[in-house]
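# Descriptive analysis of the structure
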Amino acid sequence: MSEANSGPGRVTREQRGHLFLIGLDRAGKRNAFDSAMLTDLALALGEYERNDELRCAVLFAHGEHFTAGLDLMELTPKLASGGFRYPEAGIDPWGVVKPRRSKPVVTAVQGTCWTAGIELMLNADITIAASNARFAHLEVMRGIAPAGGSTVRFTRAAGWTDAMRYMLTGEEFDAVQALKMRLVTEVVETGQTLSRAIEYAERIEKAAPLAIKATLQSAFHAQDEGDDAALSKLNEQLLTLIQSEDVREGVMSMMQKREPVFKGR
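Position labels on residues start from 1 in each chain and follow its written sequence. For this predicted model, a pLDDT threshold of at least 70 governs which residues receive local features, and a threshold of 80 or more governs which side-chain atom pairs are given and counted, while totals over whole chains, interfaces and linings are taken from all residues. Side-chain numbers here rest on the full set of heavy atoms in the structure, without hydrogens or water.

## Focus: the environment of methionine 73
Only DSSP runs of H or I reaching four residues or more are called helices, and only runs of E reaching two or more are called strands; each is numbered from the N terminus. Its location among the elements puts methionine 73 in helix α2 (residues 72-80). Any residue under 20% of the maximum accessible area for its type is buried, any over 50% is exposed, and the rest in between are partly exposed; the area is computed with a 1.4 Å probe on protein chains only. Its relative accessible area of 76% is what places methionine 73 among the exposed residues.

What follows is the structure in structure tokens.
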């Protein structure tokens, strides 16, 4: 089913305990984002955000390729007329429009990963790339500029000169170079990305949910408002966490030499 999907885009959803697997499902178009898939991905992330049972999401793609980026043939008229908006129940997958997600996302990338795909993984927390992954910021060759955060996040991760080399030329780069530029966490053999991403997600879901959210919140705060603003909130954040049931569970599990079982309370 997924391999042949070249119609309107969508995403699949699968809950595995505390994990939420979100799959880009337009393989017949190399998972290029049309308005339907943009909407559905935003809705899936909103569902993840609001479900207290879910502690980590894994974003992957059906088929051989992660995504060829935006389907400009379908999207350009809607964007030009202001006709596309994320649904109220959704969350911007690129973290440009608020509200921002408060829970972690691990991304698995293979094959083609162009433009918006790079920006998706830069907005994730951990990214696993297949050795066959190929990346390119082609926006300037289409008359537009990166609009999903790379002008901020690519330059921050890789440094100005490396980021501008690829964003200003549209030149392609491989998984080894992506790792060197700190755009991805790890490179694995083709076919192993999803299983490796799930391994990371399983580690995250065993941790205390309130502590995970607090860690992300502080890091996002530093990105948005600067280091001093984030640092000024750390003591307040710690005092809130120290009163939680999860802290008591963490201490007891350490004393009893067992794995903690966190409830997110």
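## Description of the side chain of arginine 196
Locating arginine 196 in the fold gives a position in helix α7 (residues 193-205). Any two residues whose heavy atoms approach within 4.5 Å at even a single point are treated as in contact. Setting aside chain neighbours within four positions, we find arginine 196 in contact with Ile128, Glu186, Val188 and Arg203.

## Notes on the sheet that holds strand β1 (residues 11-16)
Backbone hydrogen bonds hold the strands of a sheet together, and the pairing may be parallel or antiparallel. Strand pairing follows a simple DSSP-based rule, namely that at least 2 bridges must link the two strands. Judged by pairing direction, the sheet is mixed, and its 6 strands sit side by side in the order β1-β2-β3-β4-β6-β9 without closing on themselves. Two strands close off the open sheet at either side, each with one partner strand: β1 and β9 (186-188). Geometrically, the sheet is characterised by an average inter-axis angle of 20° between neighbouring strands, direction not taken into account. Bridge count for strand β2 (residues 19-24) against strand β3 (residues 56-61) is 6 bridges, and the pairing is parallel. Fitted lines through C-alpha atoms serve as axes, helices being fitted only where they are in contact, and the angles separating the N-to-C directions of these axes extend from 0 to 180 degrees.

## Some thoughts on the packing of helix α8 (residues 209-225) against helix α10 (residues 234-242)
With their axes 11 Å apart at the nearest point, α8 and α10 run at an angle of 170° to one another. Considered as vectors, α8 and α10 are oriented roughly antiparallel to each other. Where α8 abuts α10, its residues Leu210, Ala211, Ala214, Gln217 and Ser218 lie against Leu234, Gln237 and Leu241. Residue polarity is assigned by list, with Asp, Glu, Lys and Arg as charged and Ala, Val, Leu, Ile, Met, Phe, Trp, Tyr, Cys and Pro as nonpolar; anything else, Gly included, falls into the polar class. Here the residues of the contact of α8 with α10 sort into 5 nonpolar, 3 polar and no charged. The cut-offs work like this: below 35 degrees is roughly parallel, past 145 is roughly antiparallel, 65 to 115 is roughly perpendicular, and the gaps in between are oblique.

## A word on the sheet that holds strand β7 (residues 134-136)
On the basis of which strands lie adjacent, the open sheet formed by 3 strands has the order β5-β7-β8 and mixed pairing. Two strands lie at the open edges of the sheet, namely β5 (112-114) and β8 (173-174), each paired on one side alone. For β7 and β8, the ladder comprises 2 bridges, and the chain directions are antiparallel. For arginine 134, the partnering residue across the bridge sits in β8 and is aspartate 174.

## Some remarks on the packing of aromatic side chains
Note on aromatic contacts: the rings of Phe and Tyr and the six-membered ring of Trp form a pair at centre separations within 6.5 Å, being stacked when their planes are under 30 degrees apart, edge-to-face when over 60 apart, and tilted otherwise. A full pass over the atoms with the stated rule returns 5 aromatic pairs. For the pair phenylalanine 20 and tyrosine 48, a centre-to-centre distance of 6.3 Å together with 20° between the ring planes defines the contact as stacked. One end of the pair, phenylalanine 20, is in strand β2; the other, tyrosine 48, is in helix α1 (residues 35-50), and 28 residues separate them in sequence. Exposure remark for tyrosine 48: the relative accessible area of 0% places this residue in the buried category. A ring pair is formed by tyrosine 166 and phenylalanine 173, whose centres lie 4.5 Å apart and whose planes are at 50°; its orientation type is tilted. This pair shows no difference in class: tyrosine 166 is buried, exactly as phenylalanine 173 is. Here the aromatic cluster, defined as three or more aromatic residues joined through ring pairs, consists of Phe135, Phe154, Tyr166 and Phe173. For a lysine, the NZ atom is tested; for an arginine, the CZ atom; a charge sits over a ring if that atom is within 6 Å of the ring centre and within 35 degrees of the ring normal. When the ring centre of phenylalanine 220 is taken as origin, the NZ or CZ atom of arginine 100, which lies over that ring, is 4.2 Å away. One residue, lysine 103, lies across the ring of tyrosine 48, its end atom 4.6 Å from the ring centre.

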